Amino acid sequence: MSAIDVRPVTNKKELEVFLRVPWSIGLDKEKNWVPPLLDDYRKQLDPKKSVFLAHGEAATWTAFKDGKPVGRISAQVDFDFDKTWAAEPKTAFFGFYDSIDDVEVSKALFKVAEDWARAKGRVRLRGPMTMDSKGEMGVLIEGFDTPAMIGTTWNRPFLDPLIQNSGYAKVKDLYGWKYDRNIPMDEFTQKIAQKTRELPNVKIRTMELKEMKREAAIIQTIYNEAWKENWNFTPFTDQELEVIANEYKMFIDEQLAYVAEVDGQPAAMLFAIPDINELIRDFNGELMKNPINLVKLLWRLKFNRPKNMRLIMLGVKNEYRASRKYGALVACLYEEVSVRGKKAGYVEGELSWTLEDNSGINRGIERMGARLYKKWRMYERAL
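Residues numbered from 1 in each chain as written. Predicted model: local features only at pLDDT ≥ 70, side-chain atom pairs only at ≥ 80, totals over all residues. Heavy atoms only, no water.

(A) Structural view of the overall build of the chain. A tally of regular secondary structure across the chain gives 14 helices and 15 strands. Relative to the 2.2 N^0.38 estimate, which gives 21 Å for 383 residues, the radius of gyration of the chain is 21 Å and therefore close to what a compact globule would have. Viewed in the frame of its principal axes, the chain has a C-alpha envelope of about 70 × 50 × 35 Å. Burial status across the chain gives 56% buried among its 383 residues. Sequence-distant contacts, at least 24 apart, represent 77% of the contacts inside the chain between residues at least 6 apart. Working note: accessible area of the chain is about 17500 Å², and carbon and sulfur atoms make up 52% of it. Of note, the chain has its 60 positive side-chain charges centred 2 Å away from the centre of its 56 negative side-chain charges. (Helix = DSSP H or I, 4+ residues; strand = E, 2+ residues; numbered from the N terminus. Rg over C-alpha atoms; globule rule 2.2 N^0.38 Å. Buried < 20%, exposed > 50% of the residue type's maximum accessible area, 1.4 Å probe, protein only. Contact = heavy atoms within 4.5 Å. Areas by Shrake-Rupley, 256 points an atom, 1.4 Å probe, with all protein chains shown as cover. Lys, Arg positive; Asp, Glu negative; His and termini not counted. Charge placed at Lys NZ, Arg CZ, Asp CG, Glu CD.)

So this is what it looks like as structure tokens:
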């Protein structure tokens, strides 16, 4: 039996090997795997640039067998999580998890992550997430027949049993919902949306790219209030706000992002983005390192925009969500993105993710005409 060597990532050369593990284990041969842009991961793992490492710590490792990279993992602690979830003290997380179908490789990866977490005084390891709940989460367990949308994961089916055979148990499933532009919302939802929209003090407007700092601040405020009781929530920080306002600006379509105002004040927001994965499949993971790819992306964004979109964030301030008068603001926003998205030429949309046990939200999404088509799984183990 070949020995498994798990090595920490300590320099830029080793980081590139770590980032390229999906290619090393053959994911690039899978038709529904879309190579992610590695620039974002480089920033996430760079102490000088990472918005996560401003409120957390992380370490990364690559597994080798017969001298070849066969797996990888990260381990991280999030001090914002510690502050937010006092009832779950000493939790650590893992991410960037990839492996060949070999339980010994998987166990070796988890061992180094667990040892690191214990050394940090942690009593449980949960994941995968890269790097926190605002990023990529979970292992895909259903929906392998369609490509991953931007910001979501796609992996081979063996990863779920591999993680469980490495000593981890399911802690939560996350749902991905698919919208078809030709399937209408149910009549009741349309009726209450129209009634709310007709209130004289209610206004639904698109977010303005030229005022993206203002819009990002609205996203931050509503997200941090509306999502604060959701499992694994951590608040948007001011640094993360800057990323939305500046770096992601080029990807945003004003027809997919809205603010609902009541008496001129932001009450709810919906934020969806075009599925950029449709445009970058041939980039081999590189954007800024390959200027030709950047030119291609800019051209495609202007002349050959994606046909699908992903609804990432939706939130209503508590004072309005609990109100009988304004409780249907969510329905107004769903209707808005459905109508405007169709006019803009989008064919399908994905809403991801929602929690499996958030029955109220999930029933509402079904009434909007969506169907459950993907599931991701989160795992946990006591240390």
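(B) Examining the side chain of Thr 152 more closely. Position of Thr 152 relative to the elements: it lies in the loop between β8 (139–142) and α6 (159–165). Look at Thr 152 and you get buried, because its relative accessible area is 12%. There is a polar contact of 2.7 Å between the side chain of Thr 152 and the backbone oxygen of Met 149. Sequence-distant contacts of Thr 152, defined by excluding residues within four places in its chain, comprise Glu 136, Arg 310, Glu 350, Ser 352 and Trp 376. (Polar contact = N/O pair within 3.5 Å; in protein donor to acceptor, adjacent residues only side chain to side chain.)

(C) Highlighting the pairing of strand β4 (residues 91–99). The element β4 is largely enclosed, with a buried count of 9 among its 9 residues. Alignment of strand β3 (residues 68–78) against β4, held across 5 bridges, turns out to be antiparallel. Counterpart to Gly 71 in the pairing with β4 is Ser 99. Here β4 runs beside strand β5 (residues 124–127); their pairing, made up of 3 bridges, is parallel. Bridge pairing in β5 links Ala 92 to Leu 125. With respect to chirality, the unit in which β4 leads through helix α5 (residues 103–119) into the neighbouring parallel β5 is right-handed. (Pairing = 2+ DSSP bridges. Right-handed = clockwise from strand over helix to strand, strands pointing away.)

(D) Spatial organisation of the pattern of salt bridges. Counted by the stated rule, this structure contains 35 salt bridges. In this structure, Glu 16 engages Arg 42 in a salt bridge whose closest nitrogen and oxygen atoms are separated by 2.9 Å. Taken together, the residues Glu 16 in helix α1 (residues 12–19) and Arg 42 in helix α3 (residues 38–44) connect sequence positions 26 residues apart. Given a relative accessible area of 13%, Arg 42 falls into the buried group. With its nearest N and O atoms 3.1 Å apart, the salt bridge here joins Arg 118 to Asp 115. In this pair, Arg 118 and Asp 115 both sit in helix α5, 3 residues apart, roughly one turn of the helix. Under the relative-accessibility criterion, Arg 118 is labelled partly exposed at 40%. Under the relative-accessibility criterion, Asp 115 is labelled partly exposed at 33%. (Salt bridge = Lys/Arg side-chain N within 4 Å of Asp/Glu carboxyl O.)

(E) Looking closely at empty space enclosed by the protein. Per the stated rule, a full pass over the model turns up 5 cavities of 30 Å³ or more. Approximately 250 Å³ is the volume found for the largest cavity. Surrounding the largest cavity, 21 residues form its lining, Tyr 179, Met 309, Val 337, Ser 338 and Gly 349 being those nearest its centre. Secondary-structure elements contributing two or more residues to the lining of the largest cavity are β9 (169–180), β13 (308–316), α13 (329–343) and β14 (348–355). The biggest single contributor to the lining of the largest cavity is α13, with 5 residues. For the lining of the largest cavity, the residue count by class is 12 nonpolar, 4 polar and 5 charged. (1 Å grid on protein atoms, 1.4 Å probe; cavity = no way out; pocket = protein on both sides within 12 Å on 5 of 7 lines; lining within 4 Å. Points joined across faces, edges and corners; volume = space filled by probe spheres on them. Nonpolar A, V, L, I, M, F, W, Y, C, P; charged D, E, K, R; others polar.)

(F) View of unusual backbone geometry. Residue Pro 128 is reached from Gly 127 by a cis peptide bond, and omega for that bond is 0°. Residue Met 131 is bonded to the preceding Thr 130 through a cis peptide linkage, with omega at 0°. Among the structural elements, Met 131 can be located in the loop between β6 (129–130) and β7 (136–137). With a phi close to 55°, Asp 66 is a non-glycine residue in the positive phi region. The residue Asp 66 is located in the loop between β2 (56–65) and β3 in this model.

(G) Region of interest: the packing of aromatic side chains. Under the definition given, this model contains 19 aromatic pairs. Ring geometry for Trp 23 versus Trp 33: centroids 5.2 Å apart, planes at 85°, classification edge-to-face. Taken together, the positions of Trp 23 in helix α2 (residues 21–24) and Trp 33 in the loop between α2 and α3 put the pair 10 residues apart, joining distant regions of the chain. Each member of the pair Trp 23 and Trp 33 is classed as buried. (Phe/Tyr/Trp six-rings, centres within 6.5 Å; stacked < 30°, edge-to-face > 60°.)

(H) Region of the structure containing the environment of Ile 150. Position of Ile 150 relative to the elements: it lies in the loop between β8 and α6. Placed 160 residues apart in sequence, Ile 150 and Arg 310 show a C-alpha to C-alpha distance of 7.4 Å. The contact partners of Ile 150, leaving out residues within four places of it in the chain, are Ile 273, Pro 274, Asp 275, Ile 276, Asn 277 and Arg 310.

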